[in-house]
Amino acid sequence: QVKVVESGGGLAQPGGSLRLSCAGGSGFNLDNYAIGWFHQAPGRGRQGLACISNYDGSTHYSNSAKGRFTISRDSAKNLVYLQMNGLNPEDTGVYYCSTGLCSSVLDPSDFPSWGQGTQVTVSS
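The paragraphs below set out a description of the structure included in this document. (Residues numbered from 1 in each chain as written. Predicted model: local features only at pLDDT ≥ 70, side-chain atom pairs only at ≥ 80, totals over all residues. Heavy atoms only, no water.)

1. Re the overall build of the chain
In step 1: The number of helices and strands found in the chain is 0 helices and 10 strands.
In step 2: In the chain, the succession of helices and strands from N to C terminus is β-β-β-β-β-β-β-β-β-β.
In step 3: Scaling as 2.2 N^0.38, a compact globule of 124 residues should have a C-alpha radius of gyration of about 14 Å, and the chain matches this with 13 Å.
In step 4: Principal-axis analysis of the C-alpha atoms gives the chain an extent of 40 × 25 × 25 Å.
In step 5: Expressed as a percentage of its 124 residues, the buried residues of the chain come to 44%.
In step 6: A separation of at least 24 residues holds for 58% of the contacts in the chain among residues at least 6 apart in sequence.
In step 7: For the chain, the exposed area adds up to about 6300 Å²; of that, 46% sits on carbon and sulfur atoms.
In step 8: For the chain, the centre of its 8 positive side-chain charges and the centre of its 8 negative side-chain charges are spaced 4 Å apart. (Helix = DSSP H or I, 4+ residues; strand = E, 2+ residues; numbered from the N terminus. Rg over C-alpha atoms; globule rule 2.2 N^0.38 Å. Buried < 20%, exposed > 50% of the residue type's maximum accessible area, 1.4 Å probe, protein only. Contact = heavy atoms within 4.5 Å. Areas by Shrake-Rupley, 256 points an atom, 1.4 Å probe, with all protein chains shown as cover. Lys, Arg positive; Asp, Glu negative; His and termini not counted. Charge placed at Lys NZ, Arg CZ, Asp CG, Glu CD.)

Here it is as structure tokens:
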């Protein structure tokens, strides 16, 4: 059963940074799965930000995330991170991680299982 839990959200100032974590549940090894991070702004649908492959470690980023956000794995802790730098108010919303197909398209429909997400608020 797919089980991931997001954490690390909170309040940040414009230009600030946050590190989000995606944790695998008990017996669920994230190293076996491609992981994507998605953003849902208030009143909007999910938009892909970044993903990391389980085959070769390759990564893909959306235009809005490229140069600001970094996705990475900490296999010893069964975690996938999203380091977010240079935050702006448009980054406000709920952030989700999910297992699925990692490609440059970052299509939410390629990631069929969703958890509760973690809230990020960037003040102005």
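And the narrative resumes.
2. Some remarks on the sheet that holds strand β7 (residues 69–74)
In step 1: Taken in spatial order, the 4 strands make up an open sheet running β1-β3-β8-β7, and their pairing is antiparallel. Every other strand in the sheet has two partners, leaving β1 (4–7) and β7 as the edge strands with one partner each. The sheet shows a mean angle of 20° between the axes of neighbouring strands, direction not considered.
In step 2: One ladder, built from 6 bridges, connects strand β3 (residues 18–24) with strand β8 (residues 79–84); its direction is antiparallel. Bridging from a neighbouring strand, S21 pairs with Y81 of β8. (Pairing = 2+ DSSP bridges. Axes fitted to C-alpha atoms, helices over the stretch in contact; angles between N-to-C directions.)

3. Looking at the environment of Q47
In step 1: Relative to the elements of secondary structure, Q47 occurs in strand β5 (residues 46–52).
In step 2: A relative accessible area of 47% places Q47 in the partly exposed class.
In step 3: Along the backbone, Q47 and D107 are 60 residues apart, and their C-alpha atoms lie at a distance of 7.6 Å.
In step 4: In contact with Q47, not counting residues within four places along its chain, are W37, F38 and H39.

4. Some points on the side chain of S21
In step 1: In this structure, S21 sits in strand β3.
In step 2: The contact partners of S21, leaving out residues within four places of it in the chain, are V5, E6, S7, W37, L79, V80 and Y81.

5. Some thoughts on the pairing of strand β10 (residues 118–122)
In step 1: Here β10 shows a clear split, with T118, V120 and V122 buried on one side and none of Q119 and T121 buried on the other.
In step 2: Note: strand β2 (residues 10–12) against β10, 3 bridges, orientation parallel. Bridge pairing links G10 to V120 in β10.
In step 3: Here strand β9 (residues 93–99) pairs with β10 via 3 bridges, running antiparallel. Bridge pairing in β10 links G93 to V120.

6. So, the packing of aromatic side chains
In step 1: Using the criterion set out here, one finds 4 aromatic pairs in the structure.
In step 2: When the ring of F28 is compared with that of Y33, the centres are 4.5 Å apart and the planes differ by 5°; the resulting orientation is stacked.
In step 3: Geometrically, the ring pair formed by F38 and F111 is edge-to-face, given 4.9 Å between the ring centres and 65° between the ring planes. You can see F38 sitting in strand β4 (residues 35–40) and its partner F111 sitting in the loop between β9 and β10, a full 73 residues away along the chain.
In step 4: For F38, a relative accessible area of 0% translates into the label buried.
In step 5: Here a set of aromatic residues connected by ring pairs shows up, and it is made of F38, Y96, F111 and W114.
In step 6: Lying over the aromatic face of Y96, R46 brings its terminal NZ or CZ to 4.4 Å of the ring centre.
In step 7: The cationic tip of R46 hangs over the ring face of W114; the distance from NZ or CZ to the ring centre is 4.2 Å. (Phe/Tyr/Trp six-rings, centres within 6.5 Å; stacked < 30°, edge-to-face > 60°. Lys NZ or Arg CZ within 6 Å of the ring centre and 35° of its normal.)

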